[in-house]
Amino acid sequence: MLFFTILMFICTTKAYVLEEECLNYTIYPAQYELTIIPHIFKDGTSYYDCDLLITVIANAPNVNIIELDAKELEIKSGSIKVLDGVTDIVNQHRPYEFDNKRGKLFIYLREPMKQYSASRTQYIIRVSFVKYVHLDSEGVSIVPYKGDDGKQAYLYTTRLSPTKAKYFFPCFNNPEFEAVFKLRVYVAPPRPGIQFCNTTLVVAKELNRQNFKDDSYGTIEYIPSPQIGVHQVGFHHSQFSNREVKIGEDALIFWSRSSQLPYLSFILQFGENLIHMIHKYSMIKRPLVSGPINIVAVPKNLNGYEIGSWNLLTNSETKLAYINEYTSVKQMEEMMFELSQQLSRIWLGNPGELKRTRWIEEWFKEGVATYFAYYYLTQYNHGGMKPISRIPLSMYGQQMKQRAMAVDWHHSIPALMSFNRTLAVEIPNRYKELVTMKTASILWMVENWLGSEKFHQALIKYINLRRGRFISITDFMISLDQDTVECMHQFFNGTTASRVLSSWFYQSGYPVVYVNVLRDRTPNAVQLKQRQFSFNDLNRLESNYLIPISYIVQNNENCYNCHQPRFTIGSQTYTFGENLNGGWIILNRNSAGYYRVNYDDTTWKLIAKTLKENRHAIDELNRAQIVNDIFALYAAGDVSEDIALEVLEFLNMELSSVVWDSVVSGFELLKTDGAHMTKINYEEWQAFMRQKVSTIYKRLMDDIERRPEIRLFRSNIIEFACSIKHQPCISDMWKIYGDYKEGRLRLDPDFRAACYYVVLNDVNGNLAAENFNDFENEDKTRAEHALREENRFLYRVPIGHPRPLPIKMSTTTTTEAPTTIKVAGCNGAKKNLIPVVLLSFAFLTSISI
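Residues numbered from 1 in each chain as written. Predicted model: local features only at pLDDT ≥ 70, side-chain atom pairs only at ≥ 80, totals over all residues. Heavy atoms only, no water.

A. View of the packing of aromatic side chains. Inspection of the entire model under this criterion finds 53 aromatic pairs. Judged by centre distance (5.8 Å) and plane angle (65 degrees), the rings of Tyr48 and Phe168 are edge-to-face. Remark: Phe168 occurs in the loop between strand S11 (152-158) and strand S12 (178-187) and Tyr48 occurs in strand S2 (residues 46-58); sequence separation between them is 120 residues. Residue Tyr48 is classed as buried on the basis of its relative accessible area, which comes to 1%. Judged by its relative accessible area of 1%, Phe168 falls in the buried class. Taken together, Tyr32, Tyr48, Phe129, Tyr156, Phe168, Phe169, Phe181 and Phe235 form an aromatic cluster joined through their ring pairs. Lying over the aromatic face of Tyr108, Arg94 brings its terminal NZ or CZ to 4.0 Å of the ring centre. (Phe/Tyr/Trp six-rings, centres within 6.5 Å; stacked < 30°, edge-to-face > 60°. Helix = DSSP H or I, 4+ residues; strand = E, 2+ residues; numbered from the N terminus. Buried < 20%, exposed > 50% of the residue type's maximum accessible area, 1.4 Å probe, protein only. Lys NZ or Arg CZ within 6 Å of the ring centre and 35° of its normal.)

B. Representation of the state of the cysteines within the structure. Applying the stated criterion to the full structure yields one disulfide. The partner cysteine of Cys722 in its disulfide is Cys729, sulfur to sulfur 2.1 Å. Judged by the sign of its S-S torsion, about -85 degrees, the bond between Cys722 and Cys729 is left-handed. Classification of Cys722 as buried rests on a relative accessible area of 3%. Here Cys755 stays free of any disulfide, with the sulfur of Cys722 as its closest cysteine sulfur at 7.6 Å. (Disulfide = S-S within 2.5 Å.)

C. Quick look at the sheet that holds strand S7 (residues 96-99). A sheet is described by the order of its strands in space; here three strands give the open sequence S3-S8-S7, paired in antiparallel fashion. Of all strands in the sheet, those with a lone pairing partner are strand S3 (63-69) and S7, marking the two edges. Each adjacent strand pair in this sheet contributes to an overall mean axis angle of 20 degrees, direction not counted. As defined by bridge partners, S3 adjoins strand S8 (residues 104-113) across six bridges and the pair is classed as antiparallel. In the strand pairing of S8, Glu67 is matched with Phe106. (Pairing = 2+ DSSP bridges. Axes fitted to C-alpha atoms, helices over the stretch in contact; angles between N-to-C directions.)

D. Region of interest: helix H12 (residues 601-614). Helix length check: H12, at 14 residues, gives a terminal C-alpha distance of 20 Å against a target of 20 Å (1.5 Å per residue), a fit within 8%. Within H12, burial applies to Thr603, Trp604, Leu606, Ile607, Ala608, Thr610 and Leu611. The N-cap residue of H12 is Asp600: its side-chain oxygen and the backbone nitrogen of Thr602 are 3.2 Å apart. (Expected span 1.5 Å × (residues − 1). Polar contact = N/O pair within 3.5 Å; in protein donor to acceptor, adjacent residues only side chain to side chain.)

E. Molecular detail of the nonpolar core. Of all hydrophobic cores here, the largest spans 253 residues; its most connected members are Tyr32, Phe372, Leu587 and Met733. Of the residues forming this core, the biggest block, 12 residues, is contributed by helix H6 (residues 362-380). When residues no more than four places from it in sequence are discounted, the contact partners of Met733 are Tyr697, Met701, Ile718, Cys722, Phe751, Ala754, Cys755 and Val758. (Core = buried A, V, L, I, M, F, W, Y, C linked by side-chain atoms within 4.5 Å. Contact = heavy atoms within 4.5 Å.)

F. Here's a closer look at helix H5 (residues 329-348). Relative to the 28 Å expected for 20 residues at 1.5 Å per residue, H5 spans 28 Å between its end C-alpha atoms, a close match to the ideal helical length. Of all 20 residues that make up H5, 18 are buried, and the element is covered over most of its length.

G. Quick look at the pairing of strand S1 (residues 27-40). Most of S1 is tucked away, with 13 of its 14 residues classed as buried. The sheet contact formed by S1 and S2 spans 13 bridges and is antiparallel. Residue pairing in the sheet places Leu34 in a bridge with Leu52 of S2.

H. Expanded view of unusual backbone geometry. At the junction of Ser161 and Pro162, the peptide bond is cis and its omega measures out at -5 degrees in the coordinates. Within the secondary structure layout, Pro162 lies in the loop between S11 and S12. Note that the residue after Thr522, namely Pro523, is joined by a cis bond; omega there is -5 degrees. Turning to its location among the elements, Pro523 is positioned in the loop between strand S24 (511-518) and strand S25 (524-532).

I. Molecular detail of the pairing of S24. Bridging between S24 and S25 involves eight bridges; their strand directions are antiparallel. Bridge pairing in S25 places Val512 opposite Arg531. Counted along the chain from S24 to the antiparallel partner S25, the turn is five residues long.

J. Structural view of the confidence of the model for the protein. Mean pLDDT over the protein stands at 88; residues scoring 70 or higher make up 89%. Strand S35 (residues 846-847) is the least confidently modelled element of the protein, averaging 32 in pLDDT, while strand S31 (residues 596-599) averages 98, the highest of any element. In this model residues 1-24 is a low-confidence stretch, pLDDT under 50, and it forms 43 contacts with partners more than four residues away in sequence or in other chains. The low-confidence segment residues 812-849, where pLDDT is below 50, has 44 contacts with residues more than four positions distant or belonging to other chains. (pLDDT = per-residue confidence, 0-100.)

K. Spatial organisation of the sheet that holds strand S18 (residues 241-247). Pairing is mixed in the open sheet, where four strands are placed in the order S18-S19-S20-S21. With one partner strand each, in any of the chains shown, S18 and strand S21 (312-316) form the two edges of the open sheet. Strand-to-strand twist of the sheet, defined as the mean angle between neighbouring strand axes without regard to direction, takes the value 20 degrees. Alignment of strand S19 (residues 250-256) against strand S20 (residues 293-298), held across four bridges, turns out to be parallel. Across the sheet, residue Leu252 finds its bridge partner in S20, namely Ile293. Contacting S18 and S19, helix H4 (residues 265-282) runs over the sheet at an angle of about 25 degrees to S18.

L. Representation of the packing of helix H8 (residues 432-450) against helix H9 (residues 452-465) within the structure. Look at H8 against H9: their axes get within 6 Å of each other, and the N-to-C directions meet at 120 degrees. One element, H8, and the other, H9, form an angle in the oblique class. Touching Leu443, Val446, Glu447 and Leu450 of H8 are Ser452, Lys454, Phe455 and His456, all from H9. Class assignment of the residues belonging to the contact of H8 with H9 gives a composition of four nonpolar, two polar and two charged. (Parallel < 35°, antiparallel > 145°, perpendicular 65-115°, else oblique. Nonpolar A, V, L, I, M, F, W, Y, C, P; charged D, E, K, R; others polar.)

M. Region of the structure containing the pattern of salt bridges. Enumeration according to the criterion identifies 56 salt bridges in this entry. Across the salt bridge formed by Asp520 and Arg521, the nearest N and O atoms sit 3.2 Å from each other. The exposed category is assigned to Asp520, whose relative accessible area is 65%. A salt bridge links Asp750 to Arg711, with the nearest nitrogen and oxygen atoms 2.7 Å apart. Of this pair, Asp750 sits in helix H19 (residues 749-761) while Arg711 sits in helix H17 (residues 708-723), and the two are 39 residues apart along the sequence. The exposure class assigned to Asp750 is buried, which follows from its relative accessible area of 3%. Each of the salt bridges in this network shares a partner with another, and the network as a whole consists of Lys330, Glu719, Arg752, Asp779 and Arg782. (Salt bridge = Lys/Arg side-chain N within 4 Å of Asp/Glu carboxyl O.)

N. Layout of the environment of Val82. Relative to the helices and strands, Val82 resides in strand S5 (residues 81-84). Under the relative-accessibility criterion, Val82 is labelled buried at 0%. On a C-alpha basis, the gap between Val82 and Tyr108 in space is 9.5 Å, while along the polypeptide they are 26 residues apart.

This is the structure we're talking about:
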């Protein structure tokens, strides 16, 4: 009856598996039971034996073949059985067929399975197999590391997402099939030639343990897991040590090789602070998960945490160990973000909850978790937490918005709602940035529109009320409307948060808003019109996003709507009056709106003038937005080069890290496929930016400040300066790298990627002979990728033509006769003769054209 209840729950619930889909599945697994016997030999040879029992039911009549997913496994002869009670119904003449190339195991039956809805019959599939594990094995792999005695040791680790479980055990490798998992592990005793392992972790808490007796295997049994998909199963086997921190009912346990354990202090402290912040934000005493969260530092390059996991997480050692002489500030930022994002996922809902919270649209959960990751990083403030006031996202908000916009413009990019009920592990890697960063950016936009306090109160109230239930976008938007629309906050055109969110979730891309100020009337008329933003000409259609509009003006004495603008625009041209008094207007206050802004030439010139004369009159977030927009608009051909250069002229005086981050990401947009760019034009932009970066580069290189935010600013500027061939930067990096190679100076990890880039970019540069550690390899890979992308861009774009040079008139008097020039027509025939007289002036005159 239990399995029937489980099946009906999943099949009839709209929140997880579509009803019509479930009826098409002929066999459904209810429970997996794995008995694993791992063998790790000291020479690196490794395999494990496994006995597998799968309890299944038939979801259709006349099922004669059971199809399992299995690959690179050795099925033991005669081990396959399908038991109906005690009767084996496998066809003895043709028991099974294993197609390793396709990854399929077909089990043939001598009689059809009985449909569960009519018979209530459960079947047990029994399979025994051997899995040989190698360094590059899919799904489950063996990883070498230095043991406590300094000798080579090995560990098992699994990475089963998104469709790798079939490499670990035969299964129904459909992530929508959830089942209970019961695991038992036999641990080999210390023996000559065999590596002893004292750490075995799975996706469930330990139930009991039998220690070694008379040189026999010890056994560990675990409690049955919650209902999970096969991609959420995990197994780790090693000789590791751990450090633990408890926060109320929550516990974080970090595992690593003993020699690296002291370097986990940073991530341990951050994790503790992070869980404190989550509990404070949620305002209720509720553990993130039942039982501890085990986090394993694997000495291997891994692509972040397993999205669907909650109590057994693995990540690269470089994402968990902070070693002062090797870990760069960017690596530190990345490790903080990834842990913050993962713990936010767990807090928002996981299989280990006492009452499970399910998100119907998992892409939306990914976006919300990303928003919270940046929110908590902002409040943490590199350890300088302010417990009283909520710190606005600012820098991290700009970062996530610009990362999303960099990929969210092409005509082939899908709308967020097209992912609908796609599981998070099934979202293609090319769309990860889109889903996470765009969704988080849209939430940030709505937060700034509604007001931060109101938005967060509504958000936390909704999440707390939906604990143990289903969360959907529709339900979320209804709740947000109920908690945020008040009489005093009614919007001019009746727009609510749900309408705004819907317009962005159901449409792909993002808009650019054109601002045209009619200055020949009082008050001035400001016209706003939107269209789809694109770097090429394939997707420049009129758009219909509901865009929350906020703005600031230069002369705001009589500004009607400056303090908290609360109107939206749609596809129609929107016109409103405002007293600009000859000044500028800047849209997108706080730069939280997920759109770009293009102004008429007069307004652009007024903005450029203010930036050059008194840049602090414009908030740094809006300065950041302006510089990023101007790069994008120029690359798209929407503003002239003269306007772009005039707006960016102030940069040699700019000292804000937020603004310079936007400059760096904006400059990268010039290399976008489809951008209007040539080699010569790009070189001119590099020369222009070399002039602008020189002041801040020298200032940061002379600064010995080691606060994380200054380190990050310095690292970004150095890498940018070297990438645009700023000669002082190239010379400095060569000198630093040379001193390091000759043993006179330790290489600052924040300079490492720039040094590698400079060396690799030199015709005689070579890093192939270096013996890099994992931290250095990460930066080397990053430098190689940056150089490869630069070369790909230069190979792709045309050469182009240089800008016309200034014409300098002669100051020397001449008595020569007028010169006659023959102008040929299209057919080569002679045309009228045009006399050209060389003029003389008393003073040097220069005319630029």
